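# Remarks on the overall topology
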2 protein chains.
Amino acid sequence: MGELPRNLTHRVMVGSVPVGGGAPVSVQTMLSTPTSDVELALSEIARVVDLGCEIVRLAIPSEAELEPFGRICEASPLPVVADIHFDYKLAIGAAKRGASKLRINPGNIGGTDRVDAVLDAAGEAGIPIRIGVNGGSLEQRLRDAEGMSLPEKLAASVEGFVEHFESRGFGDIVVSAKAHDVPTTVETYRMLSKRLPGVPLHIGVTEAGTLRQGTVKASVGLGILLAEGIGDTLRVSLTGSIDDEVLVGWEILQACGLRRRTPELVSCPTCGRTQIDLIPIAEEVAARLARISKPIKVAVMGCVVNGPGEAADADIGIAGGKGEGLIFAHGEVLRKVPEPEIVEALFDEIGKL
Amino acid sequence: MGELPRNLTHRVMVGSVPVGGGAPVSVQTMLSTPTSDVELALSEIARVVDLGCEIVRLAIPSEAELEPFGRICEASPLPVVADIHFDYKLAIGAAKRGASKLRINPGNIGGTDRVDAVLDAAGEAGIPIRIGVNGGSLEQRLRDAEGMSLPEKLAASVEGFVEHFESRGFGDIVVSAKAHDVPTTVETYRMLSKRLPGVPLHIGVTEAGTLRQGTVKASVGLGILLAEGIGDTLRVSLTGSIDDEVLVGWEILQACGLRRRTPELVSCPTCGRTQIDLIPIAEEVAARLARISKPIKVAVMGCVVNGPGEAADADIGIAGGKGEGLIFAHGEVLRKVPEPEIVEALFDEIGKL
C-alpha cells in the first residue's frame, strides 16, 4: 500500500497524548474493573502501560465513583477518559476531578441545557470531549427516520452534535460512531471523514465479540479504515482481557505499517515438510520478542530447504531440520545447532545485533 | 460498505468447488502432518470439514509421498491440492494420482520444458494449476532487477508465467503472490487484479506468524482486498493449528459480510458497569453457537441498562445484572433468570426460533 495517506485532522490533546493532526494513531483500552476499586484500577493501568496502551477509559456509573475516579486520575501514568451515560452531573464532576477527556453521547445526557453545562465544564477544565454515538443509542428521531441507512443515521447524529458544540464555541472534539458490524462501521467512518474532514476520529467496532471473532472484526474494520487514511486513535473492543485489546490494537497498526513497537516476526505455517515441532518454538519466540524493542525482522521457518531463502529479508532467523536447526541472517547460514538449543541461540544472536 | 463489489474472474473448478466467476469465496487450509501418514491426514481433513474447510492442500516433498497422496485423494471428502516445489516429476505424479489442483511456482520447477510437461499432465487430468509465487522465491532475474518495487516484481513474475501458460493453450489457472507483510501483499494483489482481470486469485498473507499476529495480519490484508472485490479463494497462514486457520478464514468472510456460516454473536467488552462474569459466559455462548447454523444474531451484553437497547437488532440476547440476567428479543425483555441458568435459558430460546 506504500506510504499510507493520512487524513489531516486538527490536533486535540488527551493529557499529554496528541490525537489527530498527523500524530501517531494511539492505542486505547477501557477498564472493566469497578472504578470504585482504585488500587485494582491502577494495577490494571500499570499492566497495560507495559503493553503499549496510551490512553485509558473508565466508566462512571454513579456519583459514588467520582471520588475514586479523581484519585485514579491523580496517580495514573496514562491520561484517563471518563465514560458517562445519562447523567450530565457525572460528566461535570469528572471534568473537575482530573479527567483528560470526557466521552458522552450528547443524545442521552438529558437535553441541550445539560449538554451545554458539560461543554462549559470541559471548557473550564481545558479538556476535549469525545462525541461517542453508536448503533444502539441513536436519538429516537433518527432511529425512526425513514429512507436513511444506518451509516447515514449515525453520521447525521454525530454531525448534529458537532454543529451544536461548534456553535457554542467548543471545538475540542473527537468523534466516534461505532456499529457492531464491520460494513456499517466502515461506511459510517467514511462518511464522517468526508463530512467532518478536520475532526479527529476515534475508530473501533463495538461489541465485536469474543477473542477470535472480535480480533478479526476489529482487524478487518480498522485495517480497511486505516488503509484509507481514516482514524486518529483506536480501541479494539473484545469480550476478553484488556491486555488482548491493547496487543491486538498494536498488531493492527503494525500490520498496516503505521507504527512498530516490537520486532517483526515472520513464521511459516508449517507443512508436510516440517520436521521440527515449530508451533511451540514460534510461540516462545513471539513471547520473548514482545519484551524487546529493536526494530528488526526475525524469522522462524519450518524447513531448511525453503526457510533461509524465503526469509532472506529477515535480520536473523532459524530454520528447523530433523532434530536440529540453522541460524541464518539475511538468507546466509551462520551455524547449525541442536533443536533444544535453537531458541537460546537465536536470542544470543539477537543480543549481538 | 454496502454490497461489496466482486471482480468477475473466470471460473475454475477445484474438484467440485467452483473458484472465481462469482462463486462464494472458498476457505482453504494446508495440512502440516506428513503426507505419508494417510490415516492421520484423513482424520485432520474430517475435522476441518466440520469447521467449514472447502479445499485442502498437502505437500509432496518426495516420490515417497506420491502413493499415500493418491490414497488420500481417493478417500478425502474435500478436493485435494498437491503442493510441489523443485521437482516437476512430483507434479506430474500428483496429477496422475487424483490431485484436484496443482500448486507450483513455475520459477523453481527446473526450466520451461519441465513446466510444459506439468501443463500437459494437468491438461490430461483436467485439473487447474495455481501459479504460486511469493516474496522469498522470486526468479533471480527479477530479484536482481533494479528500479522495481517488490509488488511490481511479484506481479511481473506471475504475469510472465500466466502468459506462458496461455501461450501453451492452458487457461485453467489460479494465481497467488503472497508476501509476509500486509502492505506488499495488498499492493501486489491490486496490481494482479488490474493486470490479469479474468484470472481467479487465491489470496493470503504468507508466514504471517503466531495466532494473534497471524490472525491480525490475515484479517487486515484479506479484509482490505475483499472489501475491494479482490479474491476468489483464501487461505489464512498461521504458525498454529489448521483449525484456527479455517475458523479465522470464516470469521474474515463473515466480518466482510460476504458469507455466513454460524449465528452472529454481538457481545460487549464489559466495563465498570458490568456486574456479571461476562467473559466465560460469552466464550461458552460462542463455542455453542459454532455448532448451530441458524442465520440469527445473538447478543451477550454486560449490563441491563444499556444491553437490550444497544442490541435491539439481535434476534435473541442476554444482559447480565447482579447475580441474574435478562433474556431479551429485538430489544424487548422476555424474562429474568438467575445467573447460573442464563446460558441454558438463552439456548432454550434459540431452540424455539
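Presented here is a report on the structure given in the accompanying data block. (Residues numbered from 1 in each chain as written. Chains lettered and ligands numbered in written order. Predicted model: local features only at pLDDT ≥ 70, side-chain atom pairs only at ≥ 80, totals over all residues. Heavy atoms only, no water.)

### Examining the sheet that holds strand S7 (residues 129–134) of chain B
Quick note on the threshold: Whether two strands pair comes down to DSSP finding at least two bridges between them. In this description a helix means any DSSP run of H or I spanning at least four residues, a strand means any run of E spanning at least two, and both kinds are numbered starting from the N terminus.
Spatially, the 8 strands line up as an open sheet ordered S8-S7-S6-S5-S4-S3-S10-S9 (chain B), and their pairing is parallel. Strands with a single pairing partner mark the edges of an open sheet, and in this sheet they are strand S8 (173–178) and strand S9 (202–203) of chain B.

### Re helix H9 (residues 242–255) of chain A
Residues and elements named next belong to chain A. Definition in use: Helix span, expected: 1.5 Å multiplied by one less than the number of residues in the helix. For every residue, the accessible area (1.4 Å probe, protein chains only) is compared with the maximum for its type, and the residue is labelled buried under 20%, exposed over 50%, or partly exposed between those bounds.
In this model, H9 (14 residues) spans 20 Å end to end at C-alpha, consistent with the 20 Å of a helix rising 1.5 Å per residue. Within H9, 13 of the 14 residues are buried, leaving the element largely enclosed by the surrounding structure. Trailing H9 by a residue or two, Gly-257 shows a phi angle of about 75°, which is positive.

### A short note on the pairing of strand S11 (residues 264–267) of chain A
One face of the sheet, then the other: side chains in a regular strand alternate in exactly this way. Residue and element names in this part refer to chain A. For clarity, the cut-off: The handedness rule is simple: strands pointing away from the viewer, and a clockwise path from the first strand over the helix to the second, make the crossover right-handed.
By the alternation rule, side chains of S11 split into Glu-264 and Val-266 and Leu-265 and Ser-267, which are all buried. The pairing of S11 with strand S12 (residues 297–301) spans 4 bridges and is parallel. Looking at the pairing, Leu-265 lines up with Val-298 of S12. Read as a crossover between parallel neighbours, the route from S11 over helix H10 (residues 278–289) to S12 is left-handed.

### Points about the interface of chain B and chain A
Heads up, the condition is: The contact criterion used is simple: two residues touch if any of their non-hydrogen atoms lie within 4.5 Å. For any pair of parts, buried area is found by adding up, for both, the accessible area (1.4 Å probe) each one loses once the two are put together. By definition here, a salt bridge exists when the distance from a side-chain nitrogen of Lys or Arg to a carboxyl oxygen of Asp or Glu is within 4 Å. Under the rule applied, a polar contact is a pair of N or O atoms within 3.5 Å (in protein, one hydrogen donor and one hydrogen acceptor; residues adjacent in sequence only if both atoms are side-chain atoms).
Listed per partner, the contact involves 74 residues of chain B and 74 residues of chain A. Carbon and sulfur atoms supply 58% of the area buried between chain B and chain A, which totals about 5800 Å² over both sides. On inspection of chain B and its partner chain A, the count reaches 2 salt bridges. Here Asp-244 of chain A and Arg-212 of chain B are joined by a salt bridge, their closest N and O atoms 2.7 Å apart. Applying the counting criterion to the chain B and chain A interface returns 12 residue pairs in polar contact (both at pLDDT 80 or more). Looking at the side of chain B that touches chain A, the elements that each hand over two or more residues are helix H7 (182–195), helix H8 (211–227), helix H9 (242–255), strand S11 (264–267), helix H10 (278–289), strand S12 (297–301) and helix H11 (307–310) of chain B.

### Looking at the packing of aromatic side chains
The test is simple: The criterion for an aromatic pair is that two Phe, Tyr or Trp rings (for Trp, the six-membered ring) have centres within 6.5 Å, with stacked assigned to planes under 30 degrees apart, edge-to-face to planes over 60 apart and tilted to the rest. Only lysine NZ and arginine CZ atoms are considered, and such an atom sits over a ring when it is within 6 Å of the ring centre and within 35 degrees of the ring normal.
This model, assessed by the stated rule, comprises 2 aromatic pairs over all chains. Look at Phe-165 of chain B and Phe-170 of chain B: their rings are 6.0 Å apart centre to centre, the planes differ by 85°, and that puts the pair in the edge-to-face class. Residue class for Phe-165 of chain B comes out buried when judged on its relative accessible area of 0%. Residue Phe-170 of chain B is classed as buried on the basis of its relative accessible area of 8%. Here Arg-288 of chain A stacks its cationic end above the ring of Phe-347 of chain A, 4.2 Å away from the centre of that ring.

### Let's talk about the relation of the copies chain B and chain A
Relating one copy of the chain to the other requires a rotation about an axis plus a shift along that axis. Our working rule: For the least-squares superposition of copies, only C-alpha atoms count, and only for residues with pLDDT at least 70 in both.
Mapping chain B onto chain A is achieved by rotating through 180° and translating by 0.0 Å along the same axis, at an RMSD of 0.0 Å. Look at the turn and shift together and you get a two-fold axis relating the two. Comparing interface residues between copies, 100% of those in chain B also lie at the interface in chain A; the contact surface is shared.

### A short note on the environment of Val-300 of chain B
Residue and element names in this part refer to chain B. Mapped onto the elements, Val-300 comes out in strand S12. Looking at Val-300, the relative accessible area reads 0%, which means it is buried. Setting aside anything within four residues of it in sequence, one finds Val-300 in contact with Leu-265, Val-266, Ser-267, Cys-268, Leu-278, Ile-281, Ala-282, Val-285 and Ile-318.

Structural measurements only, silent on function.
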